[in-house]
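Okay, here's what each chain looks like letter by letter:
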Amino acid sequence: MTACRHCGLDVPADSPVAPAFCCAGCAAAYDTVEGLGLDAYYQRRCLDPAVRPLRPDEDGAPVDYGAHVRDEADGIKALHLMVEGLHCAACVWLIESVLARQPGVVSARVNMTTRRLVLRWRACETDADSLVASVAALGYRLVPFDPAVLDREGERREKELLRAMAVAGFAAGNVMLLSVSVWAGHFQGMGPATRDLLHWISALIALPAIAYAGVPFYRSAITVLRAGHLNMDVPISLAVVLAAGMSLHETATGGPHAYFDSAVTLLFFLLVGRYLDHRARGKARVAGEHLLALAATAATVIEADGRRRIVPPTRLRPGMAVLAAAGERIAVDGRVTAGTSDVDTSLINGETVPAPVAPGTDVFAGTLNLSAPLTVEVGAVGEDTLLAEIVRLVEAAEQGRARHVALADRVARLYAPVVHGLALLTFLGWWLWVGAPWQESLLIAIAVLIVTCPCALALAVPAVQVIASGRLLRRGILVKSGSALERLAGTDTVVFDKTGTLTTGRPELMDDTAIDGDALRLAASMAAASTHPLARALVRAVPGAPVAGGVREEPGRGLAVAGSGGEVRLGSRAWCGIADDDHHSDGPELWLARPDAAPVRFAFADRPRDDAAEVVAALKERELAVALLSGDRGPVVGATARRVGIDDWHAGCAPGDKVVRLQDLAAAGRHVLMVGDGLNDAPALAAATVSLSPSTAADVSQTAADAVFQGDRLEPVLEALGVARRADRLVRQNFLLAFLYNGVTIPLAVAGLVTPLVAAIAMSASSVAVIANALRLGRGRAW
Amino acid sequence: MTTLLYLIPAALLLGLLGLIAFLWALRSGQFDDLDGAAHRILFDDEPGPSQRPREDDPT
C-alpha cells in the first residue's frame, strides 16, 4: 500500500483518487497547499503518529463560530482556537501562512507550546467561518474556546515568579559586588565613611528588591499563619525581613556588619527553586487544560433548519439533536435518531469490540463513534451523564489521595518550630544570661535565622524533581503532579488494567494457521474495504492480500460482495445467517458466508503488549506484588494473566469494585501503583496511591492519573518506578547534606561567630552542593 | 576612592538596563512559546504581508 501524499495514511484500494490520495478531501487539501505555493510544507514536516492524522472531514457543512468571536477595537474581531492535528513546526508555518494569505486577516499566530491559535481579522472583509474552513480543509480540527475560562492563575504565578527572580538576581549580583569591597576593606583598612557609603548603596538596592521579590513568600507565610500553621515560608520571610531591618539599623548607626547580601542571595536562590518547581508542572498543566477545554467546548448541534452550530455543552438541552462525526467522541448521553455505525465503548466498559448502533440505541458520552456520522438526541446533559457520574467517583477518590503530605512539607513542619525556637533561645541566652545589650543579642539571633534558613532544603526537592521529570519526559513519560514521584518511590504493589493497558487494545486474528487459506485471503480482500477494527485486524493478518472491488458495507452489520455463485458476506453471526448457538462465542469474531461452502469463523483476541511479560517479571524481581483487575469476563482475563505471568487476577470488576479492591489493599498497608486507561479505570486511578495511564487513554483517565506515558510498550512503568526511587534517594541525600551544613553553622551562629562573609559563603556552598547532587540523576540507568 | 562615585552608578545603570530588557521581553510575550520560536526561524523565509504580528496577547 502507498501512503497518501497529504495525510500520510495508507491509501485504500477503493479510493476515488488512488494511488496518490486516500480521499477527495486530502486531494483537495494538497491542491490548496500547492496552489498557495506552500508545497515546501510536505518536505519540511515530520508526521507524528501519536497526533490526529491530517485527514479533512468529509462533509464540511458550515459551522457557526459566532458564539466565540470577540470584538476588538477598529472593527477587528478575534477568535481563540485550539488546534488538533499539529504534528510539528511545519504545521505551525502552514497554518499561519495559509491564514496570512486570506484577505482581511490581520494576524494569525499559533503557539506551538499550548497548541492554540489566535486569529484576528477585519470584520468588513471576511468572516470567521470561512477563515476556519480554510484551515479545516487542510485536515486540522479547530475548536473554539473562551480564553477567560482557562486557568490563567498558574500562568500569572509563573510570570510573577520569573519577574521576582529577575529582580532578586539583579539585586543579588550588585549587592554582592559591593559586599566584596566591604569584606576586602575589613582587611585592608577601609575607612568607616566609605564603608557606610557602600552600606547605604547596598540598602538602596536591596530594600526595594526584598520588598518586591519576597512577595510570593510573604503571601504564603501570612496565609498559613492565619490558618494557625507553620511552613517553610515563615522562617524564610522572617529571616529576610529581620535581616534587612537589622542591617538597615546597623547602616544607620554606622555598624560594621550588614547582611543585605545574605538576605538578597537567599531570596534569589529560593526563587530559583520555586520557579523550577513551578516550571516542571507547567507542561503538564497546559496538557491538562487542553484536554479539559476540548471536552468542555465542542458539541455540534443541528438546528431545525439544518444549520450546524458549535455550542458549549452547558447550553445543551435534552431533546436537541447533536452530531457525532465518524472518528469523534460522542459528547452527550442520548439516543441515536439517525445513522448506523459502530461505537467503541472500550473507555466505558473495557470491551475491545465495537458495538453496532442504529436508530433507537442508547449511547453514552465519551464513547467513540467509528464508522459513520450519527445524529444523537440529547437525553441527559451535564451532571446527569454517565461521564459526570464517573468524574464524581474520581473526585471522591481523589480526596483520599490529597491527604498525602510531601516529604518537604513534613520536614518543614518539624524544622520551622525548631529554627524559631533556636533563634529565640539564642536571643534570650545572649541578652539575659550573657548580659549582652539587646541590639547585639538580636543581631546574633538573626544570624542564626539566616544560616539555618533552609536554602539548601528548599532547593533539595525541586532541583531533584525538575531533573527527574525532565529525564522522564525525554522517555515519553509526563509527570503531572508534584508529589507523584515521591508516591511512586514508595510503591510496593502494581495493579494493571487489562484492555488497552496490559494489552494493546487492538484485536488480532487468532489461530490463523487453522483457517483455510483461500477463505482467509477472500475475507482479507473484502475486509480491506472497511475501517472496522476487526476488518483491519484481518487485513494485517494477510499482508499483501488483493483488494476486492464492489464491496458494500452495512455499518454495524458487515460487508457483502457479489461472487460467482451468489453473495459472499463477511460480518456478524446475524449478518451471515448463522444460528446463535453460544459455541465459541467467548470473544470477538467475524464470520465468512459463501454460497458454496461452510461458513468460516475468524476469532480475534487482544494481544498483550510486546514487553508485558518482561515488565511483569522485572517488577516481580524487584519484589513488587503484581495484580490484574479487569471489567472483562473471567476466561479472557485468566488467559491474559497466565500469558504475562500474573497470578493474582480478578475479572468482571465494575468501576466501583476496582475502587473497593484498591481501598482493601490500602487498608492492608500497601502502597498501590494503578496502571489503567479506560474511563472505567478513572476512579481506580484516582483512588490508588499513585497512578499511570497510557497516552491512548480516555481524557478523564489521563486527567485522573499522576503520569501519562507514550508508546506501545509497558517499559515506561519500570522506568518511572526506577527514576522515582533514585530521585527519592537523592532527595534524602540532599536533606542530609543540608542538615550536615546546618550542624556546622548553627553552633557558630549561636556562638555569635557568623559574620556576613561566613553566612554568604556557607549559604552559597550548600546550595551549589545540593544542586550538583541533584544533577547526578540525569545520567546512568534508572535501576 | 572618588572613582567609586561614578563607577558604582555606572555599574548599577548597566545592570538595570539588563533587568529592564528582561522584564520587557517577559511582558511582550517572548517567553510564552519557547518551543515554537526555536523552530519558527527555520520556516520564516518568505514573510507575507502579516506574517509578523505584534505578540501582545499571550494565550
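Helix and strand counts for chain B stand at 2 helices and 0 strands. Per-residue burial for chain B yields a buried fraction of 2% across its 59 residues.

Within chain A one finds 25 helices and 28 strands. Counting all 783 residues of chain A, 47% fall into the buried class.

The end-to-end C-alpha separation of helix α6 (residues 192-213) of chain A is 30 Å, in line with the 32 Å expected for 22 residues at 1.5 Å each. Among all positions of α6(A), only Leu198(A), His199(A), Ser202(A), Ala203(A), Ile205(A), Ala206(A), Ala209(A), Ile210(A) and Ala213(A) are buried.

On to the sheet that holds strand β14 (residues 368-369) of chain A. The strands that make up a sheet are held in pairs by hydrogen bonds between backbone atoms, and each pair lies either parallel or antiparallel. Residues and elements named next belong to chain A. The sheet built from 3 strands is open, its strands ordered β12-β11-β14 with antiparallel pairing. Edge positions in the open sheet fall to β12 (355-357) and β14, since each of these has one partner strand only. Sheet topology note: the strand β11 (residues 341-344)/β12 ladder contains 3 bridges and is antiparallel. Across the sheet, residue serine 341 finds its bridge partner in β12, namely valine 357.

Before going further, it helps to examine the nonpolar core. A general trend in soluble globular proteins is that nonpolar side chains are found buried together. All names here are of chain A. In terms of nonpolar packing, the biggest core is built from 137 residues, with Ala168, Ala206, Ala263, Val264, Leu267 and Val464 touching the most fellow members. It is helix α24 (residues 715-750) that contributes the most residues to this core, 13 residues altogether. Excluding its chain neighbours within four sequence positions, the residues that come into contact with leucine 267 are Ala168, Ile210, Ala213, Gly214 and Val240. Membership of the second largest hydrophobic core comes to 43 residues, among which are Tyr65, Trp121, Tyr140 and Phe145.

All names here are of chain A. Looking at where isoleucine 746 falls in the secondary structure, it is placed in helix α24. Judged by the 19 C-beta atoms lying within 10 Å of it, isoleucine 746 is partly exposed. Along the backbone, isoleucine 746 and alanine 423 are 323 residues apart, and their C-alpha atoms lie at a distance of 9.9 Å. Beyond its immediate stretch of four places on either side in the chain, isoleucine 746 contacts Leu422, Val448, Val451 and Thr452.

The next thing to look at is the interface of chain A and chain B. When the parts of a complex come together, some accessible area is lost, and that lost area is often taken as the interface size. If you look at the interface, chain A gives 32 residues, while chain B gives 26 residues. Residue assignment for the side of chain A that touches chain B shows that the elements contributing at least two residues are α3 (89-100), β4 (105-111), β5 (116-122), α5 (153-188) and α6 of chain A. Residues belonging to the side of chain A that touches chain B are distributed by class as follows: 16 nonpolar, 9 polar and 7 charged.

What follows is about the packing of helix α7 (residues 215-226) of chain A against helix α8 (residues 233-252) of chain A. All names here are of chain A. Running from N to C, α7 and α8 point in directions that differ by 125°, and their axes come no closer than 8 Å. In terms of orientation, α7 and α8 fall into the oblique class. Crossing of α7 over α8 shows left-handed handedness. Along its contact with α7, which presents Phe217, Tyr218, Ser220, Ala221, Val224 and Leu225, the element α8 presents Asp233, Val234, Ile236 and Ser237. When grouped by side-chain class, the residues that make up the contact of α7 with α8 number 7 nonpolar, 2 polar and 1 charged.

The subject of this paragraph is unusual backbone geometry. For residues besides glycine, phi is generally negative; the peptide bonds are generally trans as well. Of note in this structure, Glu623(A) is not a glycine but carries a positive phi near 60°. Note on placement: Glu623(A) falls in the loop between α19 (612-621) and β24 (625-629).

Relative to the helices and strands, Ala221(A) is located in helix α7. Exposure remark for Ala221(A): the 21 C-beta atoms within 10 Å place this residue in the buried category.

This part covers the pairing of strand β10 (residues 333-338) of chain A. As defined by bridge partners, β10(A) adjoins strand β15 (residues 374-380) of chain A across 5 bridges and the pair is classed as antiparallel. Looking at the pairing, Asp333(A) lines up with Ala380(A) of β15(A).

Right, let's get into the packing of helix α12 (residues 407-434) of chain A against helix α13 (residues 438-452) of chain A. Two packed helices can be described by the angle between their axes and the distance between those axes. Residue and element names in this part refer to chain A. One can describe the packing of α12 onto α13 by two numbers: an axis separation of 8 Å at closest approach and a directional angle of 155°. Classified by the angle their axes make, α12 and α13 are roughly antiparallel. Here the hand of the crossing between α12 and α13 comes out right-handed. Counted together, Val419, Leu422, Ala423, Thr426, Phe427, Trp430 and Trp431 of α12 and Trp438, Glu440, Ser441, Leu442, Ile444, Ala445, Val448, Leu449 and Thr452 of α13 form the full contact between these two elements. Of the residues that constitute the contact of α12 with α13, the class distribution is 12 nonpolar, 3 polar and 1 charged.

Attention now moves to the confidence of the model for chain B. Residues and elements named next belong to chain B. Per-residue pLDDT for chain B averages 73, and the proportion of residues at 70 or more is 71%. Residue range residues 48-59 is modelled with pLDDT below 50. Its contacts to residues more than four positions away, or to other chains, number 26 contacts. Interface confidence for the predicted complex, expressed as ipTM, amounts to 0.72; the pTM equals 0.67.

All names here are of chain A. If you trace the 6 strands from one edge of the open sheet to the other, you get β18-β23-β22-β21-β20-β19, paired in antiparallel fashion. Here the strands that pair on one side only, and so sit at the sheet edges, are β18 (503-509) and β19 (552-554). Strand-to-strand twist of the sheet, defined as the mean angle between neighbouring strand axes without regard to direction, takes the value 20°. Of the strand pairs in this sheet, strand β21 (residues 567-571) and strand β22 (residues 589-594) are connected by 3 bridges, and their pairing is antiparallel. Residue pairing across strands places glycine 571 opposite tryptophan 591, the latter belonging to β22.

On to the environment of Thr2(A), then. Residues and elements named next belong to chain A. Here threonine 2 lies in the segment before α1 (24-35). Judged by the 11 C-beta atoms lying within 10 Å of it, threonine 2 is exposed. The sequence separation of threonine 2 and phenylalanine 21 amounts to 19 residues, and the corresponding C-alpha distance is 8.9 Å.

Between its terminal C-alpha atoms helix α25 (residues 756-775) of chain A stretches 29 Å, which fits the 28 Å expected from 20 residues at 1.5 Å a residue. Within α25(A), the full set of buried residues consists of Pro756(A), Ala759(A), Ala760(A), Ala762(A), Met763(A), Ser766(A), Ser767(A), Val770(A), Ile771(A) and Ala774(A).

The subject of this paragraph is the pairing of β21(A). All names here are of chain A. Across the 5 residues that make up β21, a large majority, 4, are buried. Bridge count for strand β20 (residues 558-562) against β21 is 5 bridges, and the pairing is antiparallel. Counterpart to leucine 559 in the pairing with β21 is leucine 570. Between β20 and β21, which pair antiparallel one after the other, the connecting turn spans 4 residues, and glycine 566 there sits at a positive phi close to 145°.

Scoring rules and cut-offs
Residues numbered from 1 in each chain as written. Chains lettered and ligands numbered in written order. Predicted model: local features only at pLDDT ≥ 70, side-chain atom pairs only at ≥ 80, totals over all residues. Helix = DSSP H or I, 4+ residues; strand = E, 2+ residues; numbered from the N terminus. Buried ≥ 20, exposed ≤ 12 C-beta atoms within 10 Å, placed from the backbone. Expected span 1.5 Å × (residues − 1). Pairing = 2+ DSSP bridges. Core = buried A, V, L, I, M, F, W, Y, C linked by C-beta atoms within 7 Å. Contact = placed C-beta atoms within 7 Å. Nonpolar A, V, L, I, M, F, W, Y, C, P; charged D, E, K, R; others polar. Axes fitted to C-alpha atoms, helices over the stretch in contact; angles between N-to-C directions. Parallel < 35°, antiparallel > 145°, perpendicular 65-115°, else oblique. Left-handed = near helix turned anticlockwise from the far one by under 90°. pLDDT = per-residue confidence, 0-100.

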